[in-house]
Amino acid sequence: MASAGKLLVYYTTRFWSQIKSPGSTLYANRHYLQLYHETHPDRLAKNGDGLPSIIDDVFIHPTATVHSTAMLGPNVSIGPNATVGAGVRIKESIVLEHATLQDHCCVLYSIVGWNSVVGPWSRVEGTPCDPNPNKPFAKIQSVPLFNMAGKLNPSITILGCNVQVPGEVIILNSVVLPHKDLAGSFKNQIIL
């Protein structure tokens, strides 16, 4: 394009969100759920007898299984064939296909990969990196992965596909690559 001296533009009247980082994925998920709220509210989960507690906008795929004592929201998407156990708390997160969240675990500001398992009473938590909603034209800041001291900057937690998190551990501000069986708690780490 630069060598041809051309500038191309795609004009849209719909929302658009740049996804350059995992944090921006959760931000885009929030906007997509808000769009569902405005245009297709029937696609969003609702509160009711025998249903999980829903706070604000939550999408649960029809093939997912969510226990009635779970609490979801705001801004949660549950993928196909995912399983959410009793007493689970999920907030500002995406749970992908065939993931299993066992009883009483807590998932906040995280992405749980395909076929991953979070054990009972475990906590998977990231740090939100949202733009300031009070600023017009606010955007996600692309913070470098590592700070000047060489340490991982706090961000959302990501569990790759087929990750096994044992019971009663904490995974905080970490990135776990696929096919890992974790043996304990981790904070601010990339687990290869």
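Just above sits the structure.
First things first, this report covers the structure right here in the doc. This one's a predicted model, so the numbers in the text were calculated from it and none came from an experiment.

Conventions used here
Residues numbered from 1 in each chain as written. Predicted model: local features only at pLDDT ≥ 70, side-chain atom pairs only at ≥ 80, totals over all residues. Heavy atoms only, no water. Helix = DSSP H or I, 4+ residues; strand = E, 2+ residues; numbered from the N terminus. Buried < 20%, exposed > 50% of the residue type's maximum accessible area, 1.4 Å probe, protein only. Contact = heavy atoms within 4.5 Å. Areas by Shrake-Rupley, 256 points an atom, 1.4 Å probe, with all protein chains shown as cover. Lys, Arg positive; Asp, Glu negative; His and termini not counted. Charge placed at Lys NZ, Arg CZ, Asp CG, Glu CD. Core = buried A, V, L, I, M, F, W, Y, C linked by side-chain atoms within 4.5 Å. Salt bridge = Lys/Arg side-chain N within 4 Å of Asp/Glu carboxyl O. Pairing = 2+ DSSP bridges. Polar contact = N/O pair within 3.5 Å; in protein donor to acceptor, adjacent residues only side chain to side chain.

## Here we look at the overall build of the chain
Secondary structure assignment for the chain yields 1 helix and 19 strands. Within the chain, the proportion of its 192 residues that are buried is 38%. Relative to all contacts within the chain whose residues are 6 or more apart in sequence, the contacts with residues 24 or more apart total 27%. On the chain, roughly 11300 Å² of surface is accessible, and the fraction owed to carbon and sulfur atoms is 57%. Across the chain, 14 positive and 12 negative side-chain charges occur, with their mean positions spaced 13 Å apart.

## Concerning the nonpolar core
Among the nonpolar cores identified, the biggest contains 29 residues, and Leu72, Ile78, Ile90 and Leu101 are the most heavily contacted of them. Looking at this core, the elements that each hand over two or more residues are β2 (58-60) and β5 (76-78). For Leu101, the residues in contact, after removing those within four places along its chain, are Thr83, Val84, Gly85, Val88, Ile90, Val95, Val107, Val112 and Val118. Counting residues in hydrophobic clusters, the runner-up holds 5 residues, among them Leu26, Ile111, Ile156 and Ile158.

## Description of the pattern of salt bridges
Under the criterion given, the structure shown has 2 salt bridges. Between Glu92 and Arg30 there is a salt bridge, and its shortest N-O distance comes to 3.2 Å. With a gap of 62 residues between them, Glu92 in the loop between β7 (89-91) and β8 (93-95) and Arg30 in helix α1 (residues 22-39) connect regions that are remote in the sequence. One salt bridge connects Glu125 with Arg123, and the closest N-O pair in it is separated by 2.7 Å.

## Some points on unusual backbone geometry
Note that the residue after Gly73, namely Pro74, is joined by a cis bond; omega there is 0 degrees. Backbone geometry at Trp121 places phi at a positive 65 degrees, although glycine is not the residue there. Within the element layout of this structure, Trp121 appears in the loop between β12 (117-118) and β13 (123-125). With relative accessibility at 56%, the residue Trp121 sits in the exposed group.

## Overview of the sheet that holds strand β9 (residues 100-101)
Strand order in the open sheet made by the 5 strands is β3-β6-β9-β12-β15, with parallel pairing throughout. Single-partner strands in this sheet number two, and they are β3 (65-66) and β15 (164-165). For β12 and β15, the ladder comprises 2 bridges, and the chain directions are parallel. If you follow Val117 over to β15, its bridge partner there is Gln164.

## Remarks on the sheet that holds β5
Reading across from one edge, β2-β5-β8-β11-β14-β17-β19 is the order of the 7 strands in this open sheet, with parallel pairing throughout. Every other strand in the sheet has two partners, leaving β2 and β19 (190-191) as the edge strands with one partner each. Pairing of β5 with β8 involves 3 bridges; the strand directions are parallel. Bridging from a neighbouring strand, Ile78 pairs with Val95 of β8.

## Description of the environment of Thr127
Mapped onto the elements of the fold, Thr127 is located in the loop between β13 and β14 (157-159). On the accessibility criterion, Thr127 (28% relative accessible area) is partly exposed. When near neighbours in sequence (up to four residues on either side) are disregarded, Thr127 contacts Tyr109, Pro154, Ser155, Ile156 and Asn173. In this structure the side chain of Thr127 is engaged in a polar contact, spanning 2.7 Å, whose partner is the side chain of Asn173.

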